[in-house]
Amino acid sequence: MDPMVLVTEFEKTMPLPETMFCAEQIKIPPELPDILKQFTKAAIRTQPRDLLQWSAAYFTALAKGEALPVKERVEMPLAKQKEDAGLTPGLLKVLHKQLSPKGMVSIEELKEKWKNLCLPEEQLEAILQLDILDEEVEWMKILARGCSVLGESLLSSMKHACEILTEDPEGGAARIPFETFSYLYSYLASIDGEIPDEKIQEFLNGIKEQADQQDGMVQLRNFLSQPSTLF
């Protein structure tokens, strides 16, 4: 065999040498360091169970200018939750930021956002089974159902709702408009099905009396002191 052919075949099997670049040849996009810094901080705050899946959702939302799937802060697990138990107040707040501007959301989009946060599919299915739904559903109803998963009672569910919806700083009065409170409370009470209508109205009348003295806003202290086990 021709020696030149042997040399050519040998060269084909040899790995390509690493290309060496000097610092002047490497061009780093000026925005890259900040993008990576913000991504890292977001991943640490959110603690996704599937980092790759969450990362894909993060950069997709970033590219589209949409609300990012990022918690505001790292959360301590709720007392009744096991590690990686699923929905948390922080994750429900993320979903609220992403979906509430739409008012009505499709079940398909809801499932996509839920999956992007690496939440258990069976937990969403359980939430959706709480009521008869069409292909589209009012987001506030999903929020209410999510709060019912987080809360151990109707009033503790309302506490979660207030803390998610309020514009007050964390640890504050968690005020929300009475109209919003009334809507969510009435909806959750109707799902519960065990509270008589007159009791629901009596409770809301008492809350409204307090809200009227607070610029129409309901505070946590207005209902968390309620002694009745009906609520």
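Structure shown above.
In short, a report on the structure. This structure is a prediction, so every number in the text was calculated from the model and none was measured.

**Quick word on the overall build of the protein chain**
The secondary structure content of the protein chain amounts to ten helices and four strands. Counting from the amino terminus, the protein chain carries its helices and strands in the arrangement α-α-α-α-β-α-α-β-α-α-β-α-α-β. Within the span of the protein chain, comprising 231 residues, buried residues form 38% of the whole.

**Considering the packing of aromatic side chains**
Tallied over the entire structure, the rule returns nine aromatic pairs. Judged by centre distance (6.2 Å) and plane angle (10 degrees), the rings of Phe181 and Tyr185 are stacked. Remark: Tyr185 and Phe181 occur in helix H9 (residues 178–192); sequence separation between them is four residues, near one turn of the helix. Considered together, Phe181 and Tyr185 belong to a single accessibility category, that of buried residues.

**Topic: the side chain of Asn222**
Tracing the chain through its elements places Asn222 in the segment after strand S4 (217–218). With a relative accessible area of 2%, Asn222 lands in the buried category. Non-local contacts of Asn222, meaning those with residues more than four positions away in its chain, are made with Ile207, Gln210, Gln214 and Met217.

**Regarding the nonpolar core**
Among the nonpolar cores identified, the biggest contains 48 residues, and Leu92, Trp139, Phe181, Tyr185 and Phe223 are the most heavily contacted of them. Taken together, the elements giving at least two residues each to this core come down to helix H4 (89–99), helix H5 (107–116), helix H6 (121–128), helix H7 (139–150), helix H8 (154–165), H9 and helix H10 (197–212). With near-sequence residues (within four places) excluded, Phe181 lies in contact with Met158, Cys162, Ile176, Phe203, Leu204, Ile207, Val218 and Phe223. Phe39, Ala42, Ala43 and Val70 belong to the second-largest nonpolar core, a separate cluster that totals seven residues.

**What to know about helix H3 (residues 51–64)**
Owing to its 3.6 residues per turn, the α-helix brings residues three or four apart onto one side. Its 14 residues give H3 an end-to-end C-alpha distance of 20 Å, which sits within 8% of 20 Å, the value for a rise of 1.5 Å per residue. Among the residues of H3, Trp54, Ser55, Ala57, Tyr58 and Ala61 are the ones counted as buried. Across the axial projection of H3, the buried residues extend over an arc of 165 degrees, all falling on one side. In H3, the exposed positions angled more than 90 degrees off the buried face are occupied by Leu52, Ala63 and Lys64. The inward-facing, buried residues of H3 contact helix H2 (32–46) and H5. A side-chain oxygen of the first residue of H3 lies 3.3 Å from the backbone nitrogen of Leu52; this N-cap is Asp50.

What counts and how
- Residues numbered from 1 in each chain as written.
- Predicted model: local features only at pLDDT ≥ 70, side-chain atom pairs only at ≥ 80, totals over all residues.
- Heavy atoms only, no water.
- Helix = DSSP H or I, 4+ residues; strand = E, 2+ residues; numbered from the N terminus.
- Buried < 20%, exposed > 50% of the residue type's maximum accessible area, 1.4 Å probe, protein only.
- Phe/Tyr/Trp six-rings, centres within 6.5 Å; stacked < 30°, edge-to-face > 60°.
- Contact = heavy atoms within 4.5 Å.
- Core = buried A, V, L, I, M, F, W, Y, C linked by side-chain atoms within 4.5 Å.
- Expected span 1.5 Å × (residues − 1).
- Arc of directions from axis to C-beta.
- Polar contact = N/O pair within 3.5 Å; in protein donor to acceptor, adjacent residues only side chain to side chain.

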